[in-house]
Amino acid sequence: MREALFYEKLPNDVVECFLCRHHCRIAPGKRGICRVRENRAGRLMSLVYGRVVAEHVDPVEKKPLFHVLPGTTSYSIATVGCNFRCRHCQNYTIAQYEPGPAAEVPGQTTTPEQVVERALRNGCRSISYTYTEPTVFCEYALDCARLASAAGLKNIFVTNGYITPRALDAVAPVLDAANIDLKGFTDDFYRRVAGARLAEVLECIRDYRRRGIWLEITTLVIPGENDSDEQLDGIARFIAEELGPDVPWHISRFFPQYRMTDREPTPPASLERAIEAGRRAGLRYLYVGNLAGGRENTDCPACKATVVRRGGFQVLDNRLAGNACPQCGMELAGIFV
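About the cut-offs
- Residues numbered from 1 in each chain as written.
- Predicted model: local features only at pLDDT ≥ 70, side-chain atom pairs only at ≥ 80, totals over all residues.
- Heavy atoms only, no water.
- Core = buried A, V, L, I, M, F, W, Y, C linked by side-chain atoms within 4.5 Å.
- Buried < 20%, exposed > 50% of the residue type's maximum accessible area, 1.4 Å probe, protein only.
- Contact = heavy atoms within 4.5 Å.
- Pairing = 2+ DSSP bridges.
- Helix = DSSP H or I, 4+ residues; strand = E, 2+ residues; numbered from the N terminus.
- Right-handed = clockwise from strand over helix to strand, strands pointing away.
- Expected span 1.5 Å × (residues − 1).
- Salt bridge = Lys/Arg side-chain N within 4 Å of Asp/Glu carboxyl O.
- Axes fitted to C-alpha atoms, helices over the stretch in contact; angles between N-to-C directions.
- Parallel < 35°, antiparallel > 145°, perpendicular 65-115°, else oblique.
- Left-handed = near helix turned anticlockwise from the far one by under 90°.
- Nonpolar A, V, L, I, M, F, W, Y, C, P; charged D, E, K, R; others polar.

K.L.:
Explain the nonpolar core to me, please; I cannot follow it from the model alone.
P.N.:
One broad rule of soluble globular proteins: the nonpolar side chains tend to lie buried together. With 94 residues, the main nonpolar core has Leu182, Tyr208 and Trp249 as its most contacted residues. Ignoring any residue separated from it by four or fewer positions in sequence, one finds Tyr208 in contact with Phe157, Thr159, Ile163, Leu168, Leu175, Ala178, Ile180, Ile213 and Leu215. Listed in part, the 21 residues of the second largest apolar core include Phe66, Ile156, Tyr285 and Ala305.

So, in structure tokens, the structure goes:
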């Protein structure tokens, strides 16, 4: 347990948390929406600092990040907790976990120094804060990221995009890349399905972009929820017009799980409609995941040559010359060296 950053004390030992855009006001003995930050006698405490509940060596493509050091591995860690309540949560057993007293919070005690040492020992080029929501274990991620950056490793957030500018300002100097879920494009969808607000997510994504952090966007296309042409076109236009046409869009197939088992898997035709929306908006890098035979290769936007060929999150052939297409010399957007 560690005293949290990004909070202010209010009268009567109430605290206001400024880590995420929920801005929880927390009475003594209570926790925020994330359920892992608790007010103890007027001090906000992180219950999950150093309590690693998941750690794996993953291909960086699994995040998914296709324009960050393709073909390398990323040491990936998480604690329990999340500030969203997604009905289709893939990792609900840890993200939606309801921790008991601090001593009972699950996970293996792991210091930031140990995280960096294990990443280096396993030949990883980066550390990813992922699986749950890195914002809610920001203090721990920040300490790890500072050490990782000093050791020459890249740092990656896989996130729902709800961190405050105040917290992001602290993280940005050591955060190289982020994959942000843009889950839909109506406020109604966000409120019903995720327990959040669309406008706050969009502004947060803009904040990442303003700070020069490499971005890739992921949308899980859910039948009957966010698969209308209006929403798909809206997402594609937002990426192209406000982030730039070089920001990759990962379009992912939904499968029923957790509290959303009343939907069929996404029809491939819906994924193709999303691709067409991306093309209409002028996006240069469009990918389809969670689908056998999906769109995983990186093609040069200028000459259309395949420069990175993938299969199942594995790089099968990387023809990039630094960050340039070997056929026409165009420089591709991303972090390639």
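K.L.:
Whenever I open this one, the pairing of strand β16 (residues 286–289) confuses me. Can you help?
P.N.:
Inspection of the sheet shows strand β15 (residues 249–253) paired to β16 by four bridges, in the parallel sense. When the sheet's bridge partners are listed, Ser252 is paired in β16 with Gly289. Note that the unit made of β15, helix α8 (residues 268–281) and β16 has a crossover that is right-handed.

K.L.:
Sorry if this is basic, but what is going on with helix α6 (residues 198–210) here?
P.N.:
Note: α-helices contain 3.6 residues per turn, so residues at a spacing of three or four share the same orientation. Between its first and last C-alpha, α6 extends 18 Å over 13 residues, near the 18 Å set by a 1.5 Å rise per residue. Structurally, α6 contributes buried residues whose contacts are with β12 (154–159), α4 (165–171), β13 (177–181), α5 (187–194), β14 (214–221) and α7 (229–243). Immediately beyond the C-terminal end of α6, within one or two residues, lies Gly212, with a positive phi of roughly 75°.

K.L.:
Explain the sheet that holds strand β17 (residues 298–299) here, please?
P.N.:
Sheet strands line up and pair through hydrogen bonds in the backbone, either parallel or antiparallel. Strand order in the open sheet formed by three strands is β17-β18-β19, with antiparallel pairing between adjacent strands. Looking at the sheet topology across the chains shown, the edges are occupied by β17 and β19 (314–318). Where β17 meets strand β18 (residues 306–311), two bridges bridge the pair, whose relative direction is antiparallel. For Asp299, the partnering residue across the bridge sits in β18 and is Thr306.

K.L.:
Would you explain the pattern of salt bridges in this entry?
P.N.:
Per the stated rule, a full pass over the model turns up 32 salt bridges. For Arg25, the salt bridge goes to Glu16, with nearest N and O atoms at 3.4 Å. Glu61 is the partner of Arg310 in a salt bridge, and the nearest nitrogen-oxygen pair spans 3.9 Å. Taken as a pair, Arg310 in strand β18 and Glu61 in the loop between β8 (54–59) and β9 (73–78) lie far apart in primary sequence, 249 residues in all. Under the relative-accessibility criterion, Glu61 is labelled buried at 1%. Connected through shared salt-bridge partners, Arg21, Asp169, Glu200, Glu203, Arg206, Asp207, Arg210, Arg211 and Glu242 make up one network.

K.L.:
Quick question: what am I supposed to make of the environment of Val201 here?
P.N.:
Looking at the secondary structure, you find Val201 in helix α6. For Val201, a relative accessible area of 0% puts it in the buried group. Once the C-alpha coordinates of Val201 and Thr130 are considered, the two residues, 71 residues apart in sequence, prove to be 18 Å apart. With sequence-adjacent residues up to four places away left out, Val201 is seen in contact with Phe84, Asn160, Gly161, Tyr162, Asp181, Leu182 and Tyr190.

K.L.:
Honestly, unusual backbone geometry in this entry has me stumped. Any pointers?
P.N.:
Most peptide bonds take the trans form, and the phi angle of most residues other than glycine is negative. Pro64 follows Lys63 through a cis peptide bond whose omega is -10°. When you line up the elements, Pro64 lands in the loop between β8 and β9. Positive phi values are uncommon outside glycine, yet Phe6 reaches one of about 60°. Along the chain, the position of Phe6 falls in the loop between β1 (2–3) and β2 (7–9). With relative accessibility at 11%, the residue Phe6 sits in the buried group. In this structure, His23 takes a positive phi of about 50° despite not being glycine. You can see His23 is positioned in the loop between β3 (15–17) and β4 (25–26).

K.L.:
In this structure, what is going on with the packing of helix α2 (residues 112–121) against helix α3 (residues 138–150)? I would like to understand it.
P.N.:
Each pair of packed helices can be summarised by the angle the axes make with each other and by the distance between the axes. Between α2 and α3, whose axes approach to 9 Å, the crossing angle comes to 50°. Classified by the interaxial angle, the pair formed by α2 and α3 is oblique. Relative to α3, the crossing made by α2 is right-handed. Counting all contacts with α2, which are made through Pro112, Glu113, Val115 and Val116, the residues of α3 involved are Tyr140, Asp143, Cys144, Leu147 and Ala148. Counted by class, the contact of α2 with α3 contains seven nonpolar, no polar and two charged residues.

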